[in-house]
Amino acid sequence: MQGDGMQIHPHDEEWMDRWWERVNVRQPVRDLRSNRPDLTRLDLTHTAITQEGVEELSDALKANTSLLNLKLGNCNLGDETTSKVAGALHANTTLMKLDLRSNEIEADGAAALGAMMAANVRLVELSLRANSIPAAGAQGLSLGLASSRSITRLDLSSNRVGSSGATALAGALRACPSLSDLALGRNHIGDSGAAQLAAAASARAAGGGGG
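Heads up: these notes are all about the structure in this document. Since this is a predicted model, take the numbers as computed values, not measurements.

### Topic: the nonpolar core
Inside soluble globular proteins, nonpolar side chains tend to come together where they are buried.
Here's step 1: Among the nonpolar cores identified, the biggest contains 50 residues, and L61, L72, L98, L100, L126, L128 and L145 are the most heavily contacted of them.
Here's step 2: Every element with two or more residues in this core is listed here: helix 2 (26-33), helix 3 (51-63), helix 4 (78-88), helix 5 (107-119), helix 6 (135-147), helix 7 (162-175) and helix 8 (190-206).
Here's step 3: The residues touching L126, leaving out its near neighbours within four places in the chain, are L98, L100, M117, I151, R153, L154 and D155.

### Considerations on the sheet that holds strand 4 (residues 69-71)
Here's step 1: Pairing is parallel across the open sheet formed by six strands, whose spatial order is 3-4-5-6-7-8. Only two strands of the sheet have a single neighbouring strand rather than two, namely strand 3 (41-43) and strand 8 (181-183). The average angle at which neighbouring strand axes cross in this sheet is 0°, direction not considered.
Here's step 2: In this structure, strand 5 (residues 97-99) lies alongside strand 6 (residues 125-127), joined through three bridges in parallel fashion. Bridge pairing in strand 6 places K97 opposite E125.

### Observations regarding the environment of G207
Here's step 1: Tracing the sequence through the fold places G207 in the segment after helix 8.
Here's step 2: Sequence separation between G207 and R174 is 33 residues, and the spatial gap between their C-alpha atoms is 9.6 Å.

### Let's talk about helix 7
In an α-helix there are 3.6 residues to a turn, and that puts residues three or four apart on one side.
Here's step 1: If you check helix 7, its first and last C-alpha atoms are 20 Å apart, about what 14 residues at 1.5 Å a residue would give, namely 20 Å.
Here's step 2: Listed in full, the buried residues belonging to helix 7 are G162, G165, A166, L169, A170, A172 and L173. One face of helix 7 carries all of its buried residues, which in axial projection span an arc of 165°.
Here's step 3: The inward-facing, buried residues of helix 7 contact helix 6, strand 8 and helix 8.

### Thoughts on the packing of helix 2 against helix 3
Here's step 1: Relative orientation of the contacting elements helix 2 and helix 3 amounts to 20°, with a least axis distance of 8 Å. Comparing their axes, helix 3 and helix 2 come out roughly parallel. Note on packing geometry: the crossing formed by helix 2 with helix 3 is left-handed. Of the residues in helix 3, those touching helix 2 at R26, V29, L32 and R33 are E52, E56, L57, D59, A60 and L61.

### Examining unusual backbone geometry
Outside of glycine, negative phi angles account for most residues, and trans bonds account for most peptide bonds.
Here's step 1: The backbone of S102 sits at a positive phi, close to 55°, despite the residue not being glycine.
Here's step 2: Its relative accessible area of 26% is what places S102 among the partly exposed residues.
Here's step 3: Of note in this structure, A130 is not a glycine but carries a positive phi near 60°.

### Considerations on helix 6
Here's step 1: Over its 13 residues, helix 6 runs 19 Å from end to end, which matches the ideal 18 Å to within 8%, given 1.5 Å per residue.
Here's step 2: Next to the buried residues of helix 6 lie helix 5, strand 7 (153-155) and helix 7.

Reading the values: rules and limits
- Residues numbered from 1 in each chain as written.
- Predicted model: local features only at pLDDT ≥ 70, side-chain atom pairs only at ≥ 80, totals over all residues.
- Heavy atoms only, no water.
- Core = buried A, V, L, I, M, F, W, Y, C linked by side-chain atoms within 4.5 Å.
- Buried < 20%, exposed > 50% of the residue type's maximum accessible area, 1.4 Å probe, protein only.
- Helix = DSSP H or I, 4+ residues; strand = E, 2+ residues; numbered from the N terminus.
- Contact = heavy atoms within 4.5 Å.
- Pairing = 2+ DSSP bridges.
- Axes fitted to C-alpha atoms, helices over the stretch in contact; angles between N-to-C directions.
- Expected span 1.5 Å × (residues − 1).
- Arc of directions from axis to C-beta.
- Parallel < 35°, antiparallel > 145°, perpendicular 65-115°, else oblique.
- Left-handed = near helix turned anticlockwise from the far one by under 90°.

Put into structure tokens, the structure is as follows:
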């Protein structure tokens, strides 16, 4: 179905749900601010969030105590916007899952997320797959990851981590006892990076993480 330049797919419920979310972004933000207890999951995937919307979302996340799962995949956030969201989550004590896949995040955004992981005591899963995080970004993430005591799963697949980035992550893997799942597929880590990660995993298994 097509009208007024917009294509409508009446039998695609997922597409219709996504279209509804795109035109009603402000209502979920208001719900976050009011700490509505039944709002534990917010999916804004594929939503074109304006700068004003990002500011409102970040402010709401700072004080929210009900949201457990936030999905912001494919929102074209970039480094600056990602850094604002990360900053808002420093003191958040309830969010457990954060999905930021496919957002053109590079080194600065990754570093901001690393700082957030070091400060946040609740987050257990972070998806950063299909971004543009280079070795420098992986190093920034590693600094925060090494200090985290809550993160259990980090998905960095399909980025640009490379061998040196994998080496930095291997060091963080040794230092972060909570991390049990690190996804690094399609990152061109090479034999050297793979060897460092394998050594870190072996050290963890042997109980010698700092060695």
